[in-house]
Amino acid sequence: MLIYEDDYLKSVKPNYKDFMKPIEARRMSKTVKNGIICSQIAMQQAEITIPDAIIFGTGLGIVSDTEKFLEKMLIDKEQFLTPTSFIQSTHNTVAGQIAGRIKCHNYNFTYVNRGFSFESAILDAMMHLKEGKKNILVGGGDEITDHYYHIIKKTGLWKQNTLQNTDLLNHDTPGALCGEAVSFFVLSDDIKQETYAELKDLKMFYKPKNVFEIQNTITDFLKQNNLQNSDIDLIITGHSGNKTDDEIYDTVLSSEFPETPSAYYKHLCGEFQTASAFALWLGANIIKIQEFPDFIKLNDKTSKKLNNVLIYNHYFNINHSLMLLKKVES
Amino acid sequence: MEDLTLKLKEQIIEALNLEDMEPDEIETNEPLFNEGLGLDSIDALELIVLLEKNYGIKIENPKDGQKIFYSLKTMAEYIKEHQIN
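The rules behind these values
Residues numbered from 1 in each chain as written. Chains lettered and ligands numbered in written order. Predicted model: local features only at pLDDT ≥ 70, side-chain atom pairs only at ≥ 80, totals over all residues. Domains from an automatic or database assignment. Contact = placed C-beta atoms within 7 Å. Helix = DSSP H or I, 4+ residues; strand = E, 2+ residues; numbered from the N terminus. Nonpolar A, V, L, I, M, F, W, Y, C, P; charged D, E, K, R; others polar. Buried ≥ 20, exposed ≤ 12 C-beta atoms within 10 Å, placed from the backbone. Pairing = 2+ DSSP bridges. Expected span 1.5 Å × (residues − 1). Arc of directions from axis to C-beta. Core = buried A, V, L, I, M, F, W, Y, C linked by C-beta atoms within 7 Å. Axes fitted to C-alpha atoms, helices over the stretch in contact; angles between N-to-C directions. Parallel < 35°, antiparallel > 145°, perpendicular 65-115°, else oblique. Left-handed = near helix turned anticlockwise from the far one by under 90°.

A short note on the domain arrangement of chain A
Residues and elements named next belong to chain A.
Here is step 1: You can read the domains of chain A as domain 1 (5-188) and domain 2 (198-326).
Here is step 2: One C-alpha centre belongs to domain 1, the other to domain 2, and the line joining them spans 23 Å.
Here is step 3: With 40 residues of domain 1 in contact, the opposing surface of domain 2 contributes 27 residues.
Here is step 4: Within the residue set of the side of domain 1 that touches domain 2, elements represented by two or more residues are helix H5 (117-130), strand E4 (135-142) and strand E6 (181-188).
Here is step 5: Per element, the largest residue contribution to the side of domain 1 that touches domain 2 is six residues, and it comes from H5.
Here is step 6: Classifying every residue of the side of domain 1 that touches domain 2 by side-chain character gives 19 nonpolar, 15 polar and six charged.

The structure is reproduced here in structure tokens:
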């Protein structure tokens, strides 16, 4: 785990030269490059070369290129405009660039549904699998720029003071710790040696009236999957450091999962509209290796097995989602 | 001329967003397009704007582009001959 103190959490850059020539990367923002690398690793691990569909979810798209384009317009007084930043600024750049590189002409779609962007991509992928497709490349991600950070900070969504990421839950202040990340997965219709976990079910619910509605939704969701709250071996929540939002998680944990091990993750990636993609990556890895590190633990509860992992995330109490992961028997 | 060539390499790296490249990785005599550095038509637009914005040089006849942008050396020579600023 990286420990650092900053206004927002920046994603760690891989050595791009290990994956692509600088000339290939010249028009790609950080999110596009990270998306390509991530998807490449996911497909290698799943042992596929061409997926049946590429689906991406992003709240902001390639905001750095949008800013670059607009800034150039302002500085150069609408003269000397070139197409590069404009082309790259569109939301579907990540899915499009991946398809272009691997010459995949199959279904290609990008969801831009704010705090439901990644979940919408996952839902679409699940429906494609039900319709008979075999392997779907699905991902989610967002990037943060200084401009975006400072504009949104004025609305009070982000913390007004800098803090160390490991102290995320120790500050009794409003605002979340802002961040960014890109994650990619291959959803398949069968179990392989390389399979991390089964994504059993997904649910999205919008602006719940109160915490009772959330509690009932979670219980109903588990019932639909023939599970009780006590069957959950680990719950991963989206604690973001925003006091009022985190109280929702705390209430749900204490009332519905008092004896369940719980973990959080936004001290690792920060808050953004597709942060649940990072949670899915984390949950899938936990199920695969059957353990989780101390630095994500919210409580001291333990579980002998990690068969059922529930991810509960919400984006500023607007977009709530549940993802249920199950261990696969190889 | 050497100063101009180095400056031009730095400007190309910035304009084309070749952030992982160093100026000495661009060969002065190598073709910029296709088999050389591997630039394409969108990059050509960026280079045209680079010349106009930084050196006040406007390329009136698109056919001249092939010669001007053949290599870094040809670009530098053209700038030296036509520079206004």
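Some remarks on the interface of chain A and chain B
Here is step 1: On the chain B side, the residues contacting the 11 residues of chain A number 13 residues.
Here is step 2: When its residues are assigned to classes, the side of chain A that touches chain B shows six nonpolar, two polar and three charged.

Things to note about the pairing of E4 of chain A
All names here are of chain A.
Here is step 1: E4 sits mainly inside the fold: eight of its eight residues count as buried.
Here is step 2: Residue alternation in E4 divides its side chains into two sets, Asn135, Leu137, Gly139 and Gly141 and Ile136, Val138, Gly140 and Asp142, and both sets are buried.
Here is step 3: Direction of pairing for strand E2 (residues 53-57) relative to E4: parallel, over a ladder of five bridges. Looking at E4, one finds that Ile54 is bridged to Leu137.
Here is step 4: In the sheet, E4 pairs with E6 via eight bridges, with the strands oriented antiparallel. Following the sheet pairing, Asn135 is matched in E6 by Ser188.

Some details on helix H2 (residues 41-55) of chain B
Residues and elements named next belong to chain B.
Here is step 1: Over its 15 residues, H2 extends 21 Å from the first C-alpha to the last, a length consistent with the 21 Å expected when each residue adds 1.5 Å.
Here is step 2: Listing the buried residues of H2 in full gives Asp43, Leu47, Leu50 and Leu51. An end-on view of H2 places all buried positions within 95 degrees of arc, on one side of the element.
Here is step 3: Each element contacted by the buried residues of H2 is listed here: helix H1 (2-15).
Here is step 4: Looking one or two residues beyond H2, the residue adopting positive phi is Gly56, at roughly 65 degrees.

Comments concerning the nonpolar core
Residue and element names in this part refer to chain A.
Here is step 1: Judged by nonpolar contacts, the single largest core of 77 residues is most densely connected at Val138, Leu234, Ile236, Tyr265, Phe278, Val309 and Ile311.
Here is step 2: Here this core takes 10 residues from helix H10 (residues 275-289), the largest share from any one element.
Here is step 3: In this structure, Phe278 is in contact with Ala181, Ser183, Tyr265 and Cys269, ignoring residues within four places of it in sequence.

Regarding the packing of helix H1 (residues 30-46) of chain A against helix H4 (residues 93-102) of chain A
Residue and element names in this part refer to chain A.
Here is step 1: Axis separation between H1 and H4 bottoms out at 9 Å; the angle between their running directions is 50 degrees. It follows that H1 is oblique to H4 by the angle criterion. Crossing angle aside, the handedness with which H1 passes H4 is right-handed. Here H1 contributes Thr31, Val32, Gly35, Ile36 and Ser39 to the contact with H4, which in turn contributes Thr93, Val94, Gln97, Ile98 and Arg101.
Here is step 2: A per-class count over the contact of H1 with H4 returns four nonpolar, five polar and one charged.

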